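Single-letter residue listing:
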Amino acid sequence: MLVRDEVKNIITKACESAVNANKLENTGLPEIRIEYPKEERFGDYASSFALESAKLLRKSPIEIGNTMKEFIEGSKIIEKVEVVKPGFINIFLSTDFLHQCLMNIRKEADQYGKFDKKNPERINIEFVSANPTGPLNVVSARAAAVGDTIANLLEAAGNTVDREYYINDHGNQVYLLGKSVLARYRELSGEEVEFPEQGYQGEYIKEIAEECGKYSDEINTIADEDELIDFFAAKAIEHNVAGQKNDLESFNINYRTFFSEKTLHRNGDVESTLALLEEKGMIYEEEGKKIFRSTDFGDDKDRVVVREDGRPTYLLADIAYHKNKIDRGYDRLIDIWGPDHHGYIARLKGAIQAMGHPEDKLKILIVQQVNLLMQGEIKKMSKRLGKFSLMKDLIGDIGTDVARYFFIMRTMDSHLDFDIELAKRESSENPVFYLQYAHARICSIFREAEKRGFKYNPEKSSTEHLNNPETISLMKLMVRFPEDIYDAAEKAEPHRIASYLLKLAQKYHKFYTEHRVLSDDSVMTNTYLALCEGVKIILKNGLHLLGISAPESM
RNA sequence: GCGCCAGUAGCUCAGCUGGAUAGAGCAACGGCCUUCUAAGCCGUGGGUCAGAGGUUCGAAUCCUCUCUGGCGUGCCA
């Protein structure tokens, strides 16, 4: 159980006891809420219960707090309870308890911070899903870092999580892609061709065309122009998706499924989805089009799902895709989208409801855009014009660790100004190195201990040596690690982990400069080594959650 | 017009389910290595929380309006 919840239970019980002893009136008192005080001198956990209930009880918050205090004191885990100024009840954990927690962290090791859930949810999280019309850019990299980290967090929170990537290998963009490659292919064989007006102009299109040279025999047998375009489109998609997979793998992401949109059209899922919506009375016809009543679910207007010529729109395929995911047995779906798709939320969530599922079956997270700065100026990106910064180049320039950390350290709904030059230049004093350095430092101490022939035995550690400000402050933060994971998973806010680890590294570095770990006093050495081991475990687990390596030396 | 996101230190950003004196990193300046990694630590300076009202014991946080920037508002995907 989270220490936070234990504290909550203690205060809740204290409240009940006070009521039973007629010290407090039972007048529909609010639920106890536990918060983290802003400053350490206000304790480790605090409750504003007395402030909240003052009016109801017609007593001063201080008076209520003092009454509560009597019933809270005496718990093994609590060292002291303070009732202060406006009426906060501040709780201080005991050093003995913290020592126990430390031993527990060592015992749990890799598992520390993870939860067992009685009934784990099966969650599908879909992210990046960039069009297969080119390589991944830095905007996709942000979604990749965020999505994968949220997946990690949900796993740590005890769920079964599958990462999924939707390949939009159907529709106009694909047609245009095929046309573009075909044009380049013809150019290569010396033909004078007009490049498609809206075509993809990137250099990589030429490379694909070149590669297609090896299929020349096959290509020569295709007479129909559309068939030819299809052929080149298929080859281009194959090439692009392979490249995207490569980039994602080097970003430490392992997808379980790459799902092709084309299969939905081929296996009848699109039609059966339409049939289902019609059956539910959610579709009406107008001027030969079939239209989904998305306004029933708060959308601005109803949406066309089948065009006049009978072709389904992207929306219908997407509804079919989400139905497919639900049919595969997932309890919950999460989509991560760019800001340019936010207008799409209402209609898709509406469709989920129209098919008879609860509104929160699907959660859509919007990751805000990345502005790429070059010499302080925003660089405009356009995939169609082939002007964009590649994810591959980013990884090559600053590395996966730094890139992932940069994308995760901010909240996902803030627009991110990403200055690659700065990220490269600062790479030696980057926050991520600060975390990794703390880990490497600890590893180094253990190597040194071994070199000196010290026999590390954490059972011989003692609370006595933990009674100093740096150590206590460090342990209090260590205890909060599972709580932060819980909150970060619950709220889908991965940046919380980055902040947490930064604070932990700070406190560790502070401890390190104030205290010598290896000394002649073997009890003290064992105690400090146990503390170091605990920090090391958390740093490693935390960095792992972010998809970042924890080096043994730097 | 409507919708979404943002506006907090010189810069990049935390803090936002209302709580205690508004924080961090970077940049600037000044200290700390005979001893486990100085990729570290300590200290100093730096704020009209975009603005105006409102709600209450209490507002950066909630409500309304205004201003600024970005994005969206396809039978594209």
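Use the structure listed above.
Structure report, in brief.

Reading guide: rules and limits
- Residues numbered from 1 in each chain as written.
- Chains lettered and ligands numbered in written order.
- Predicted model: local features only at pLDDT ≥ 70, side-chain atom pairs only at ≥ 80, totals over all residues.
- Heavy atoms only, no water.
- Helix = DSSP H or I, 4+ residues; strand = E, 2+ residues; numbered from the N terminus.
- Contact = heavy atoms within 4.5 Å.
- Areas by Shrake-Rupley, 256 points an atom, 1.4 Å probe, with all protein chains shown as cover.
- Lys, Arg positive; Asp, Glu negative; His and termini not counted.
- Charge placed at Lys NZ, Arg CZ, Asp CG, Glu CD.
- Expected span 1.5 Å × (residues − 1).
- Buried < 20%, exposed > 50% of the residue type's maximum accessible area, 1.4 Å probe, protein only.
- Phe/Tyr/Trp six-rings, centres within 6.5 Å; stacked < 30°, edge-to-face > 60°.
- Lys NZ or Arg CZ within 6 Å of the ring centre and 35° of its normal.
- Core = buried A, V, L, I, M, F, W, Y, C linked by side-chain atoms within 4.5 Å.
- Patch = residues over 30% accessible without salt bridge, like charges linked within 9 Å, V, L, I, M, F, W, Y side chains within 5 Å.
- Salt bridge = Lys/Arg side-chain N within 4 Å of Asp/Glu carboxyl O.
- Axes fitted to C-alpha atoms, helices over the stretch in contact; angles between N-to-C directions.
- Left-handed = near helix turned anticlockwise from the far one by under 90°.
- Nonpolar A, V, L, I, M, F, W, Y, C, P; charged D, E, K, R; others polar.
- Pairing = 2+ DSSP bridges.

Quick notes on the overall build of chain A
The helix and strand inventory of chain A stands at 20 helices and 14 strands. In chain A, the share of contacts with a sequence separation of at least 24, taken over all contacts with a separation of at least 6, comes to 73%. Carbon and sulfur atoms make up 45% of the accessible area of chain A, which amounts to about 26,300 Å² in all. Each charge class in chain A can be summarised by its mean position, and for the 74 positive and 91 negative side chains these summaries are 5 Å apart.

As for helix α6 (residues 172-188)
Spanning 17 residues, α6 covers 24 Å between terminal C-alpha atoms, matching the ideal 24 Å at 1.5 Å per step. Here α6 has its buried residues at Val174, Leu176, Leu177, Gly178, Ser180, Val181, Leu182, Ala183, Arg184, Tyr185 and Arg186. Check the buried side of α6 and you find it contacts α7 (203-211), α8 (216-220) and α9 (225-250). Positive phi shows up at Gly190, right after α6, with a value of about 85°.

Let's talk about the packing of aromatic side chains
On inspection of all chains with the given rule, the structure shows 21 aromatic pairs. Ring geometry for Tyr185 against Phe232: centres 4.9 Å apart, planes inclined by 55°, an arrangement best described as tilted. Residue Tyr185 is located in helix α6, and its partner Phe232 is located in helix α9; the two are separated by 47 residues in the primary sequence. The exposure class of Tyr185 is buried, given its relative accessible area of 15%. For Phe232, a relative accessible area of 0% gives the class buried. Where Tyr508 meets Phe511, the ring centres are 5.8 Å apart and the plane angle is 45°; that geometry is what we call tilted. Here Phe511 and Tyr508 lie together in helix α19 (residues 495-514), a separation of three residues that amounts to about one turn. Here Tyr508 and Phe511 have matching classes, each one buried. Each member of the aromatic cluster is reached from another via a ring pair, and the members are Phe127, Tyr165, Tyr255 and Phe258. When the ring centre of Phe92 is taken as origin, the NZ or CZ atom of Lys80, which lies over that ring, is 4.4 Å away. Across from the ring centre of Tyr215, 4.3 Å away, lies the NZ or CZ of Lys235, which sits over that ring.

Looking at the nonpolar core
Among the nonpolar cores identified, the biggest contains 143 residues, and Met68, Ile72, Val128, Phe251, Phe418 and Met478 are the most heavily contacted of them. Ignoring any residue separated from it by four or fewer positions in sequence, one finds Phe251 in contact with Ala141, Ala144, Ala145, Met391, Ile395, Thr400, Ala403, Arg404 and Phe407. Core analysis: the second largest hydrophobic core is formed by 31 residues, Val270, Leu316, Trp337 and Ile352 among them.

A few points about a negative patch on the surface
On the surface, Asp224, Asp226, Glu227 and Asp230 cluster together into a patch of negative charge. Within the secondary structure, Asp226 sits in helix α9. Exposure remark for Asp226: the relative accessible area of 42% places this residue in the partly exposed category.

Observations concerning the packing of helix α14 (residues 391-408) against helix α16 (residues 431-451)
Where α14 contacts α16, the axes come no closer than 9 Å and their chain directions differ by 115°. Handedness of the crossing formed by α14 with α16: right-handed. Every residue of α16 that contacts α14 at Asp401, Val402 and Tyr405 is listed here: Pro431, Val432, Phe433, Leu435 and Gln436. Considered class by class, the residues forming the contact of α14 with α16 number six nonpolar, one polar and one charged.

Notes on the sheet that holds strand β4 (residues 122-126)
Reading across the sheet, the five strands line up as β6-β5-β4-β10-β11 and stay open at both edges, with parallel pairing between neighbours. In the strand order of this sheet, the two ends are held by β6 (257-260) and β11 (362-366), each with one partner. On average, each strand axis in the sheet is inclined to that of its neighbour by 25°, with strand direction left out of account. As paired elements, strand β5 (residues 160-167) and β6 share four bridges and run parallel to each other. Note on β6: the bridge partner recorded for Glu164 is Thr257. Contacting β10 (332-337) and β11, helix α13 (residues 345-354) runs over the sheet at an angle of about 170° to β11.

Observations regarding the pattern of salt bridges
Counted according to the given criterion, the structure contains 34 salt bridges. Measuring nitrogen to oxygen at the nearest pair gives 3.3 Å for the salt bridge that ties Lys80 to Glu82. Taking relative accessible area as the criterion, Lys80 reaches 37% and is therefore assigned partly exposed. Among the charged side chains, a salt-bridge network with shared partners connects Asp148, Glu155, Arg163 and Arg404.

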